[in-house]
Amino acid sequence: TVLASTWRLATPLIYASIGEVFTERSGVLNIGLEGIMLIGAFAGFAGTFYSGSLLVGLLVALGSGLLCGLLFAIFTVTIKANQIVVGAALNLIGLGLTGFLYRALFAGKSQGIEAFAPLQIPILSDIPFVGEILFRHNILVYGTVVLVLVASFVLYRTAFGLSTRSVGEHPRAADTVGINVARMRYVGVLIGTTLTALGGAYLTMAHTNQFVEGLTTGRGFIALAVVVFGRWSPKGAFWASLLFGFFFALQLRLQAMSDLAIPYQFLQALPYVMTLLVLISLRGRAAMPKALGVPYQH
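Residues numbered from 1 in each chain as written. Predicted model: local features only at pLDDT ≥ 70, side-chain atom pairs only at ≥ 80, totals over all residues. Heavy atoms only, no water.

1. Digging into the side chain of T48
Threshold: The way it works is that DSSP assigns letters per residue, a run of H or I at least four long becomes a helix, a run of E at least two long becomes a strand, and they are numbered from the N terminus. Two residues qualify as a contact provided that any one of their heavy atoms is within 4.5 Å of a heavy atom in the partner residue.
Along the chain, T48 turns up in helix 2 (residues 33-51). The residues touching T48, leaving out its near neighbours within four places in the chain, are S53, L54, G57, I113, E114 and M205.

In structure tokens form, the structure reads like this:
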């Protein structure tokens, strides 16, 4: 049961963390993932609720991520405001705005939407043990495999990926050879916020089929830790997300075991305790991009 839930619970972390890999590889630190995930979750839910189409809901969620990214990039890349402050503001905006809009638009209305259904892969889904773990998930879960492969190829096998990594390591050297630092950082931010919003939309459109205030419960902050634990690589972020997904699934399973005389609050804290332990264990060992968080001055 725990292993079957791991991939599903890790999916929003995978989308958000791989998106943040692109952002941080371009030299920009966005700590506003929690707020962006909330906005994406609400946008996907509202878009699906009012249109009756999951595709429209996804497009609305992706659009909300692009708008968040554009806003963040204007302040951090163009105006060169403090990236930590702007990211913190995004978290506050996401929490307050989604709470207000939810109460304004959905008070007294039926709150459920049709969620993405699991795909039963013929033959493979019937394999004992393995079938339930790997072959009975919805399309957004399987999309994480495509994402990590594409992201790894783009980041390490294309000129775009080389340019992205160069502006995160040595922006002045990149500028000297004709790479537009501001443009590359804009693109890195937009990729990151769009994927983060998609991770948030997964929660309402494929996991819970409804929206509640504070739905993300710290997943955006865990995604930041996943990026560090995964050493700023898409594959590393994928496997690190699965590890945290395992602890999410484990604490849910432990809560369901009635013979455990442990307060459920302690079990709910398990994924966050693991986040702290991982960050402490990586102290001084993670090789982050050298220009991360530093605005580029011409």
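The structure having been displayed, the exposition proceeds.
2. Section: the pattern of salt bridges
Side chains carrying opposite charge are able to pair once their charged atoms draw close together. Short version of the rule: Salt bridges are defined as contacts in which a side-chain nitrogen from Lys or Arg sits within 4 Å of a carboxyl oxygen from Asp or Glu. Exposed residues in this analysis have more than 50% of their type's maximum accessible area, buried residues have under 20%, and partly exposed residues fall in between, with area computed by a 1.4 Å probe over protein chains only.
Applying the stated criterion to the full structure yields one salt bridge. A salt bridge links R103 to E213; the nearest nitrogen and oxygen atoms lie 2.7 Å apart. Here the residue R103 occupies a position in helix 4 (residues 83-106), and E213 occupies one in the loop between helix 9 (181-207) and helix 10 (219-229), the gap between them amounting to 110 residues. For E213, a relative accessible area of 39% corresponds to the partly exposed category.

3. Here's the deal with helix 10
The buried count for helix 10 comes to nine of 11 residues, which makes it a mostly enclosed element. Looking at helix 10, one finds that the buried residues are R219, G220, I222, A223, L224, A225, V226, V227 and V228. Just downstream of helix 10 lies R231, where phi reads positive at about 55°.

4. What about the packing of aromatic side chains?
Stated precisely, the cut-off is as follows: When two rings of Phe, Tyr or Trp (its six-membered ring) have centres within 6.5 Å they constitute a pair, described as stacked for plane angles under 30 degrees, edge-to-face for angles over 60, and tilted for the intermediate range.
Counting across every chain of the model gives 14 aromatic pairs. On the numbers, 5.2 Å between centres and 80° between planes, the contact of F49 with Y50 is edge-to-face. What makes F49 partly exposed here is its relative accessible area of 25%. Their ring planes at 85° and their centres at 6.2 Å tell us that F248 and Y272 sit as a pair that is edge-to-face. With F248 in helix 11 (residues 234-256) and Y272 in helix 13 (residues 270-281), this residue pair connects regions lying 24 residues apart in the sequence. Since its relative accessible area comes to 5%, F248 is described here as buried.

5. Some remarks on the nonpolar core
This is how it is decided: Buried Ala, Val, Leu, Ile, Met, Phe, Trp, Tyr and Cys residues form a nonpolar core when they are joined through side-chain atoms within 4.5 Å.
Grouped together as the largest cluster of nonpolar side chains are 62 residues, with contacts concentrated most on W7, I18, F116, L140, M205, F211 and F244. Ranked by residue count, the leading element in this core is helix 1 (residues 2-25), at 11 residues. Ignoring any residue separated from it by four or fewer positions in sequence, one finds F116 in contact with L54, L58, N138, I139, L140, M205 and A206. In terms of nonpolar packing, the next biggest core, distinct from the first, is built from 12 residues, I39, C68, V86 and L90 among them.

6. Things to note about helix 7 (residues 159-169)
Of all the positions in helix 7, only G161, S163, T164, S166, V167 and G168 are classed as buried. Contact partners of the buried residues in helix 7: helix 1, helix 6 (139-157), helix 8 (171-176) and helix 9.

7. Observations concerning the packing of helix 10 against helix 11
Applicable threshold: Axis lines are fitted to C-alpha atoms, over the contacting stretch for helices. Their N-to-C directions set the angle, which ranges from 0 to 180 degrees. Should an angle fall under 35 degrees it is taken as roughly parallel, and over 145 as roughly antiparallel, whereas 65 to 115 is taken as roughly perpendicular and any remaining angle as oblique. Whether a crossing is left-handed or right-handed is set by the direction in which the near helix is turned from the far one by less than a right angle, anticlockwise for left-handed and clockwise for right-handed. The nonpolar class holds Ala, Val, Leu, Ile, Met, Phe, Trp, Tyr, Cys and Pro. Asp, Glu, Lys and Arg form the charged class, and all remaining residues, Gly among them, are polar.
Taken N-terminus to C-terminus, the directions of helix 10 and helix 11 make an angle of 135°; their axes are 8 Å apart at the nearest point. When the axis of helix 10 is compared with that of helix 11, the two are oblique. For helix 10 against helix 11, the interelement crossing comes out right-handed. On helix 11, the residues that touch R219, I222, V226 and F229 of helix 10 are A237, A240, S241, L243, F244 and F248. Looking at the contact of helix 10 with helix 11 residue by residue, the class counts come to eight nonpolar, one polar and one charged.

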